Structures are given as structure tokens and as C-alpha cells.
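# Residue-level structure breakdown
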Amino acid sequence: MLEAARCIVVRDLLVAWRRRSDVATALLFFVIVTSLFPLGIGAEPDLLRLIAPGVIWVAALLSCMLSLGRLFAADHADGTLEQLLLSSAPLGVIAAAKALAHWLVAGVPLVLIAPLIALQYDLPAPLYPVLALSLLLGTPVLSLIGAIGAALTLGLRGGGVLLSLLVLPLYVPVLIMGAGSVEMAAAGLAPDGQLLLLAALLVVAAAFAPWAIAAALRISTE
Amino acid sequence: MTAQSVKWFWYASPQTFYPVAGVIARWCAAAAAVLCAAGLYIGFFVAPTDAQQGEAYRIIFIHVPAAWMSMFIYVVMAFWAAIGLAFNTRLSHMMASALAPTGALFTFIALWTGSFWGRPTWGTWWVWDARLTSELILLFLYLGFMALQAAIDDRRRAERAGALLAIVGVVNVPIIYYSVQWWNTLHQGASVSLTRAPSMAATMLTGMLIMALAFWMYSIAVTLVRVRCLILENQ
Amino acid sequence: MNLELSHLSCERGGRTLFSDLSALLRGGELLRIAGPNGSGKTSLLRILCGLLSPTSGSVSWQGVEIRRLREEYSKQLVYIGHAAAVKDDLTAAENLRIACTLAGLPVSAPEIRQALEAFELADLQVRRLSQGQRRRAVLARLALSGSVPLWLLDEPYAALDAAAGRLVEELIGGHVARGGAVVYTTHQDTRVGASQVIDLDA
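Computed from a predicted model, the values in this text were never measured in an experiment.

### Side note on the sheet that holds strand β3 (residues 30–34) of chain C
All names here are of chain C. Read from one edge of the open sheet, five strands run β6-β7-β8-β3-β9, paired in parallel fashion. Each end of this open sheet is capped by a strand with a single partner; those strands are β6 (77–80) and β9 (196–199). Pairs of neighbouring strands in the sheet enclose a mean axial angle of 10°, with direction left out of account. Bridge count for β3 against strand β8 (residues 181–186) is five bridges, and the pairing is parallel.

Laid out in C-alpha cells, this is it:
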């Protein structure tokens, strides 16, 4: 069972590695979106420091959406999704492995590059670990919830836009807790509460989302 | 026991439900009209003018029941969706699909009247109040449900995909609500809450409850009419 | 071993493809599903492997409904669908190893090399293979699936040249002789003598 899950993660990472440019595109999108905000609202350092957590988190949400569309669509198009549905492991485990692979490819690079963006926004150094930790806890939730939407919109016309409409409202708690934890820290308060809530969201999502993804995949492939 | 369960499934068949729905819809529509007239009369003519907010507060007779219904209908919708997924009953899926537009309508009314009330009271059309913001996200959830069902051509897939989304949504609604509330305290938005009307007079409460009942009847009537249309469409 | 189809019917897009279809398949038997394009061959095969639920009726494996067995049933079958089911960015060997691992079949590197050699495939990235070669890369899995009792093959001879067609024929024949069961669809004339035929044209 774990053998099958590991196989999927390795496969998806290998495919992502051979198509590095796709991964780079989503990351570049994240960087460009965050760079647009100062151009839109002015480069006042105090203002930028104030909006940095929110901007970085919103950009992370959007960047995540961008890569979600391909999560199951590529497997669906070449027929390998049917083989995943017929694998020897429970479909929930397969779904969890797909979400994990998505996070490793789309989420982890955001966590790694976020401090660089924070630097551009002149965020004080003590906030970096909080920002990184909030992204580390929050981005897997984005992958898990997003995968439900990706499975539901599989093969639909206008699937990408529809996916955003379905998933972005569900991302609200992650956005609030994620950006909120950094804002708390910026205000000199302890961000522990928000980070713990994010961790709780992650636990709940990890426990339930794979089964919802599995159900959605069955509905969409029938 | 068995006789009763047989009867339930008998009503769950669209063919037998169709005429029953027609009768219930007619009675509920009539009740909605009467209750609405009574509620509005109490709200606009009987209830006293509010000492702090003047006449503007009277919008709550529509606003508060609409907000109640918007949340309640989402739960009912998810309930029917879950039943539909669990027992594979067509009628349950039709109920869920038929409820969504009414739920979205009430959400929109709640937002719209909230904004009408906000203008004279807070001096602005929109405030990022916790309840208003939650209500806005709820509207997005309704629209997402309807957009997903509209985008899928295959009827069975549309019903089941929508049902799953509704269930995922209903699990998220409380999380969204509490996170938005926490967010609101962090950012210290408006301190006045829309529904915390100071010392509500008995007539106000009566008017509001009657209006809530009227909205209930309206929702049932409209939903059943829509279910009847769906049954005809699918025959 | 037995696979039982009882009173299956299937509706797609408001059209009835087939109804009240019953059959019993035992080990050592070959079932051919025949019929013109659009007659529901692929749908029937997808119902048999549990990817699609029938509008009515049921499929049972060893007397238990496959809906209740899920992955326990999946372990007992190989399904080769219409689509290639290979990743363009991976090599033929990588694709084969992944397919076998997901199916719960332990395979070694030499076994994979052997299977590919039997199908005369170089270990290249799949995107550089021709349509027929892709098909071979998928069917090479059959050479490693002797221990899996039930084979469900959608148009196994499509896009294959004579040599590869003969190879698949041999594999199918060998599997049936070993006591396995094979279900396959085709709109062409058969080459292997089937013990049962379901004609969806009728």
C-alpha cells in the first residue's frame, strides 16, 4: 500500500523534474504577482511592511491554483488516471500521495522563495521564521483542498476558472490564519495560536481531504 | 416500521412526488403571501421607531430573516446532497439543486439590505464586518455549487459532483465563520453589529419571526416548484 | 475463479447501450466482446473493472459484488484501456515499472528488460515512440502479469503490426491455457478462438 503511494510521489516528482519549466512558471508567477503590488500602490516602506504578509499569502494561493489545474488533468488525458483508480492501494491513499507530490512541487518552492519576497518588502528579520512556518503549515492544506476541486472539475470546459471559483472561498481560513500569524508577530504578539490553528487545519485536511478527493475522482471518471 | 420506510421510499420516487409537491407548493405560496403581508405590516407600521437608529432599522425585518435563511438553506442543501450520495436517490439531488438558487437569493438579499442599512447607520455602503464577510463568502459557495452543476453536461455526474462540493462546503462553513470572526477582531473593524439590535421590543421580535416564517414558506414553495420542473425536464 | 455479469444494463447520455446482459466467465475461458463503434464495448469493459457503475445489474467476482471489493478486486485484474496510459516524460521501462508497482506486482529490473525486449522496444522516453510502439509499451505489461487471474483488454490488437499482434495473441493464449480468464473487445474478426462471445450489435 505504502509502496504504491511512494511510487506515485516518485513518479510525479520525476515527471515534474523532466518538465522543470512548468514548475518554474508557477514560481515565477508568484514572484511577479508580489512584485506588482508595490507598482500598484506605491513603494512606501511602511505600507509595504504592513501589507507584505497578506500579499505573499494571496500570491501563494493564486500560484497554487495555477498548478492545481494540471494535477489530475494530465493523468486523465494520457489514461494513467484509470490505472491509478485500479491500483492495489485504496484510492484515498493514492489521492493523498498525489496531493503530497503536488505540495512538494508547488508548495515547497514557495516556502523557500518567500523570504526573498519578504526581503523586497522590507519585512523585519524576526518575522521570516514565522512567515516560513506559516507557509510550511498552510501550503499543504492548499494542496489537499485544491485537489478536491481539481478532481471535481476534471475534464470540464473552463475548468481552470471554475476551479478557482470552487476552491478560493474554501481557502479563506488558511489565508486568514497564515497572514494573521505573521501580522500578529509583526505587532509584537505571540503567533503561536494562529500557527497551532493552521496545524489543526492541516491535520483535519490531511485526515478528510484524501477521501473527498477519492470520491470526487470516482464521480468525475464515471 | 417497515410499512413506514416503504412509504418514505414511495414518496422518494419522482413520479409520486410530483403531484404531492404541487399541492404543498400551492399552500406554502399562499401562506408565504399572507405571512409576508402581516410581517411587513408589523415591521413598518406597528413596531416602534428605534431611539438610536430611527426608521432605518426597519430593514432588519427583511435582513435578519434573509441572513438566517441563507445559512439554514445551505445546511439543508448539504443534507439532501448527503442523502442523495448515500442512498442514490434522484429526488434528493433534485432537492439540493433546487435549493441552491433560493439560498443564493437570500444571501444576496442579506448582503444588499445590509449595505442599505449600513449607508445611513455607518455612513458607508460596505463594511468588512465579520457577518457581512462570512455572508459574502457564503454567496461565493452558492455560486460555486451552481457553476459546477451548470458546467457538467452529464446529469448524474453534475448531481453527484455538486453534492460532494456541498458537503465539503458545509464542513468548511463553521471554520470560515470563526476564522472570519477572529480576523475581524484582529483588524478591529466595526464595533456595531448588524444583528445586535439594542433591547429588542416584543413587536420587533414578532415581526421578525413572522417574516422568517414567511421566508420559510416562500423557500419551500419555490423549491418544490423548481423540483417539479427538474422532474419534468428529466422525464 | 469466476466473474459473473448479471442483468447488466448501461445508459450513456440518455441512450441505452445494452440491457439485461448476463454471462459467466470461469478460469481458462476467453470472452470476446464484439460490436461496431459506439455499441458500448468500452463501457462494458469499464463496468467489468469497476471504473463505471452499471445503470442496473451487478458484476460479481467469486460471488461477491465488485463494488464491495474495490481494491481487493483491482489486485486480481489487469485493465488495458483505450488510451495509452503511459507518461510521455518517462521511459518505457519506467512506465512499466510504475504500472506493475501500482498493481501490486513485484518486478525486478531484468524482468522489465526482458518484457521490453520481447516487444522489441528500446528504453526510450515515450514521447519519442510511435503510436504502435506506445501501444507495445503498454501491452508489455501482459508479459509480467501472468500471476494476475483476470485480464480485461480494450482493443488489444489496435495499432499493432503483425509481429506484435502475434505476440499478444500468444500471451492471451498462454494466459488462458494457464487457467486465467481474458475478456477483450474488438470490432475486427477474431484471431484467437473465443469460448464466449457477447455481440453488442444484436
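### Thoughts on the interface of chain C and chain A
Facing 23 residues of chain C, the contacting portion of chain A comprises 22 residues. Looking at the side of chain C that touches chain A, the elements that each hand over two or more residues are α3 (71–74) and α4 (92–102) of chain C. Broken down by element, the residue count for the side of chain C that touches chain A peaks at four residues, all from α4(C). Counted by class, the side of chain C that touches chain A contains 13 nonpolar, five polar and five charged residues.

### Things to note about the interface of chain B and chain A
Facing the 23 residues of chain B at the interface are 22 residues of chain A. Residue classes in the side of chain B that touches chain A are distributed as 18 nonpolar, three polar and two charged.

### Here's the deal with the nonpolar core
Residues A:Ile213, A:Ala216, B:Leu164 and C:Leu152 are the most contacted members of the largest nonpolar core, which totals 218 residues. In contact with A:Ile213, other than residues within four places in its own chain, are A:Ala95, A:Ala99, A:Ala147, A:Ile148 and A:Ala151.

### Notes on the pairing of strand β2 (residues 15–26) of chain C
Residue and element names in this part refer to chain C. Pairing of strand β1 (residues 2–12) with β2 involves eight bridges; the strand directions are antiparallel. In the strand pairing of β2, Leu3 is matched with Leu25. Connecting β1 to the next strand, β2, in antiparallel fashion are two residues, including Gly13 with a positive phi near 55°.

### Examining α4(C)
Side chains three or four residues apart in an α-helix point the same way, a direct result of the helix having 3.6 residues per turn. A large share of α4(C) lies buried, amounting to 10 of its 11 residues. C:Ala92, C:Glu94, C:Asn95, C:Leu96, C:Arg97, C:Ile98, C:Ala99, C:Cys100, C:Thr101 and C:Leu102 are the residues of α4(C) that are buried. Summarising the contacts, the buried residues of α4(C) are in contact with α1 (2–18) and α4 (80–85) of chain A together with α5 (109–118) and α6 (131–139) of chain C. Looking one or two residues beyond α4(C), the residue adopting positive phi is C:Gly104, at roughly 85°.

### Quick notes on the environment of A:Leu13
All names here are of chain A. Inspection of the secondary structure puts Leu13 in helix α1. Separated by 190 residues in sequence, Leu13 and Val203 have C-alpha atoms that sit 24 Å apart. For Leu13, the contacting residues outside a window of four places in its chain are Ala101, Leu104 and Val105.

### With respect to the environment of A:Leu189
Residue and element names in this part refer to chain A. With respect to the secondary-structure elements, Leu189 resides in the loop between α8 (172–186) and α9 (192–221). Given 13 C-beta atoms within a 10 Å radius, Leu189 is considered partly exposed. Note: C-alpha distance between Leu189 and Pro45 (144 residues apart in sequence) is 21 Å.

### Thoughts on the packing of helix α3 (residues 60–87) of chain B against helix α4 (residues 90–122) of chain B
All names here are of chain B. Contact pair α3 / α4: the axes reach a minimum separation of 8 Å and the direction vectors enclose 160°. Taken as axis vectors, α3 and α4 run roughly antiparallel relative to one another. Between α3 and α4 lies a crossing of left-handed hand.

### Some points on the sheet that holds β2(C)
Residues and elements named next belong to chain C. Taken in spatial order, the four strands of this open sheet run β2-β1-β4-β5, and their pairing is antiparallel. Because the sheet does not close on itself, it has two edges, and the strands there are β2 and β5 (64–65). Across the sheet, helix α1 (residues 41–49) is in contact with β1, β2 and β4 (56–61); its angle to β1 comes to roughly 130°.

### Observations concerning α5(C)
Residue and element names in this part refer to chain C. Every buried residue of α5 is accounted for by Ile112, Ala115 and Leu116. Looking down the long axis of α5, one finds its buried residues gathered within 95° of arc, a one-sided arrangement. Where α5 ends, the next residue or the one after it, Glu120, has phi of about 50°, a positive value.

### Section: the environment of B:Ser179
Here B:Ser179 is to be found in helix α6 (residues 155–187). Separated by 45 residues in sequence, B:Ser179 and B:Ser134 place their C-alpha atoms 9.3 Å apart. Residues within four places of B:Ser179 in sequence aside, it is in contact with A:Val172, A:Pro173, A:Ile176 and A:Met177.

Cut-off values and rules
Residues numbered from 1 in each chain as written. Chains lettered and ligands numbered in written order. Predicted model: local features only at pLDDT ≥ 70, side-chain atom pairs only at ≥ 80, totals over all residues. Pairing = 2+ DSSP bridges. Helix = DSSP H or I, 4+ residues; strand = E, 2+ residues; numbered from the N terminus. Axes fitted to C-alpha atoms, helices over the stretch in contact; angles between N-to-C directions. Contact = placed C-beta atoms within 7 Å. Nonpolar A, V, L, I, M, F, W, Y, C, P; charged D, E, K, R; others polar. Core = buried A, V, L, I, M, F, W, Y, C linked by C-beta atoms within 7 Å. Buried ≥ 20, exposed ≤ 12 C-beta atoms within 10 Å, placed from the backbone. Parallel < 35°, antiparallel > 145°, perpendicular 65-115°, else oblique. Left-handed = near helix turned anticlockwise from the far one by under 90°. Arc of directions from axis to C-beta.

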